[in-house]
Amino acid sequence: MPPIPDPGPALGRILSSMANAAHAGGRPAARLVAVSKTRDAQAIAAVAAAGQRAFGENYVQEALPKIEALRALSLEWHLIGHLQSNKADLAARAFDWVQTVDSARLATALARHRPEALEPLNVLIQVNIDDEAGKHGCRPQEIAPLAAAIADQPRLRLRGLMAIPAPEPDMTRRRAAFRAMAAQFDALRTNHPDLDTLSMGMSEDFLAAIEEGATMVRVGSALFGPRPPKP
Ligand SMILES: *Cc1c(COP(=O)(O)O)cnc(C)c1O
């Protein structure tokens, strides 16, 4: 296998640009989730060796062997892809966070399967903020009842909201979606003051997301390099 280039410099650049964006926007520092879909355990271990703890995966089946292989590193695993209820048991055992909860049914399934030996599962409500047809995530008016249902589950810990805004080439419109999410997050916190996480922003737009109020960004290709095209 060819040697993996040291991801340390890219990680350092991303973290310092994140800190600058937060500072410029008068915002608290945001956390980085390194999106490791399609990357193998060796590439993830190299990023972990550079100091990164939180990793995001889209598919339960792809993630499980990597989580197992890297167990000794005590990394923090985030599920950031859509989760079907029939995989809720696997996800509730293997992940530390599920960022894509968009129904009370899924929340109940995760709560039922979260092992007692583990901390409550951290969850984010995924919001379809651009109201795109066929996209996952609840509608903004469904956030409050879903948050109440999750807060009733002792095996879950509601942390906040997540969104994947439409890949709008016009940055002004993308910022409008981030701003709309920040407003939803602020509104939800009036009833749930402990919420601390607004997850939005990817390689192309994580700095804009932080300026608009993201407290967590999910960055893949800017850190690991371009993803190979899907076969
Ligand atoms: C793939 C993915 C990312 C990261 O995308 P990059 O453009 O590689 O940074 C972030 N969030 C979700 C939900 C993703 O599926």
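Note that the structure is predicted; figures quoted are calculated from it, not measured. (Residues numbered from 1 in each chain as written. Predicted model: local features only at pLDDT ≥ 70, side-chain atom pairs only at ≥ 80, totals over all residues. Heavy atoms only, no water.)

Student: Explanation requested: the overall build of the protein chain in the structure shown.
Tutor: Across its full length, the protein chain carries nine helices and eight strands. Scaling as 2.2 N^0.38, a compact globule of 231 residues should have a C-alpha radius of gyration of about 17 Å, and the protein chain matches this with 17 Å. Structurally, the protein chain occupies a C-alpha span of about 50 × 40 × 35 Å along its principal axes. Taking the contacts inside the protein chain whose residues are at least 6 apart along the sequence as the reference set, 58% of them involve residues at least 24 apart. Of the roughly 11,300 Å² of accessible surface on the protein chain, a fraction of 54% belongs to carbon and sulfur atoms. Taking the 26 positively charged and 25 negatively charged side chains of the protein chain as two groups, their mean positions are separated by 2 Å. (Helix = DSSP H or I, 4+ residues; strand = E, 2+ residues; numbered from the N terminus. Rg over C-alpha atoms; globule rule 2.2 N^0.38 Å. Contact = heavy atoms within 4.5 Å. Areas by Shrake-Rupley, 256 points an atom, 1.4 Å probe, with all protein chains shown as cover. Lys, Arg positive; Asp, Glu negative; His and termini not counted. Charge placed at Lys NZ, Arg CZ, Asp CG, Glu CD.)

Student: Looking at this structure, I do not really get the pattern of salt bridges. What am I missing?
Tutor: It is possible for side chains bearing opposite charge to pair when their charged atoms get close. In the structure shown here, the tally under the stated rule is 15 salt bridges. Across the pair Glu62 and Lys66 runs a salt bridge whose closest N-O atoms are separated by 2.8 Å. Of this pair, Glu62 and Lys66 both sit in helix α3 (residues 60–69), separated by four residues, roughly a single helical turn. Accessibility expressed as a relative area gives 25% for Glu62, which makes it partly exposed. (Salt bridge = Lys/Arg side-chain N within 4 Å of Asp/Glu carboxyl O. Buried < 20%, exposed > 50% of the residue type's maximum accessible area, 1.4 Å probe, protein only.)

Student: For this particular structure, what's the right way to read the pairing of strand β5 (residues 121–127)?
Tutor: It is a general feature of regular strands that their side chains alternate between the two faces of the sheet. Where burial is concerned, most of β5 is hidden: seven out of the seven residues are buried. Because side chains alternate across β5, one face comprises the buried residues Leu121, Val123, Ile125 and Val127, and the other comprises Asn122, Leu124 and Gln126, equally buried. The sheet contact formed by strand β4 (residues 97–101) and β5 spans three bridges and is parallel. Its bridge partner being in β5, Val101 is matched across the sheet by Ile125. (Pairing = 2+ DSSP bridges.)

Student: What exactly am I supposed to notice about the site of the ligand here?
Tutor: All residues adjacent to the ligand are Val35, Lys37, Asn58, Ile80, Ile164, Met202, Ser203, Arg218, Val219, Gly220, Ser221 and Arg227. At 2.5 Å, a side-chain N or O of Ser203 approaches an oxygen atom of the ligand. Within the side chain of Arg218, one N or O atom sits 2.9 Å away from a nitrogen atom of the ligand. Protein coverage of the free-state accessible area of the ligand, which is 380 Å², stands at 90%. Residue composition of the shell around the ligand, by class: five nonpolar, four polar and three charged. (Near = heavy atom within 4 Å. Polar contact = N/O pair within 3.5 Å; in protein donor to acceptor, adjacent residues only side chain to side chain. Nonpolar A, V, L, I, M, F, W, Y, C, P; charged D, E, K, R; others polar.)

Student: How should I be thinking about the environment of Leu124 in this particular structure?
Tutor: Tracing the backbone through its elements, the reader meets Leu124 in strand β5. When the C-alpha positions of Leu124 and Leu195 are compared, they lie 9.6 Å apart, and in sequence the two are 71 residues distant. For Leu124, the residues in contact, after removing those within four places along its chain, are Trp97, Val98, Gln99, Thr100, Val101, Arg159, Gly160, Leu161, Met162, Thr197 and Ser199.

Student: Please clarify how the layout of surface pockets should be interpreted in this entry.
Tutor: Regions of empty space are outlined by a rolling probe, equal in size to a water molecule, passed over the atoms. The computed volume of the largest pocket comes to approximately 980 Å³. Lining of the largest pocket is provided by 38 residues; of these, Lys37, Asn58, Ile164, Met202 and Arg227 occupy positions nearest its centre. When contributions to the lining of the largest pocket are tallied by element, the ones reaching two or more residues are α3, α7 (171–191) and β8 (216–219). Broken down by element, the lining of the largest pocket gets its largest block of residues, three residues, from α3. Considered class by class, the residues forming the lining of the largest pocket number 15 nonpolar, 13 polar and ten charged. By volume, the second largest pocket is sized at about 320 Å³. (1 Å grid on protein atoms, 1.4 Å probe; cavity = no way out; pocket = protein on both sides within 12 Å on 5 of 7 lines; lining within 4 Å. Points joined across faces, edges and corners; volume = space filled by probe spheres on them.)

Student: Whenever I open this one, helix α1 (residues 8–24) confuses me. Can you help?
Tutor: An α-helix turns once per 3.6 residues; consequently, residues spaced three or four apart project the same way. In a regular helix each residue adds 1.5 Å, so 17 residues correspond to 24 Å; α1 covers 24 Å between its end C-alpha atoms and thus fits that length. Along its buried surface, α1 packs onto β1 (31–35), α2 (41–49), α8 (206–211), β8 and α9 (221–224). Backbone geometry just downstream of α1 places Gly26 in the positive-phi region, at approximately 65°. (Expected span 1.5 Å × (residues − 1).)

Student: Explain the pairing of β4 here, please?
Tutor: Most of β4 sits out of view: five of its five residues are buried. Pairing between strand β3 (residues 76–79) and β4: two bridges, direction parallel. The residue bridging Leu79 from the neighbouring strand is Val98, located in β4. Following the backbone out of β3, through helix α4 (residues 88–94) and into the adjacent parallel β4, one traces a crossover that is right-handed. With helix α5 (residues 104–113) bridging β4 and its parallel neighbour β5, the resulting β-α-β unit is right-handed. (Right-handed = clockwise from strand over helix to strand, strands pointing away.)

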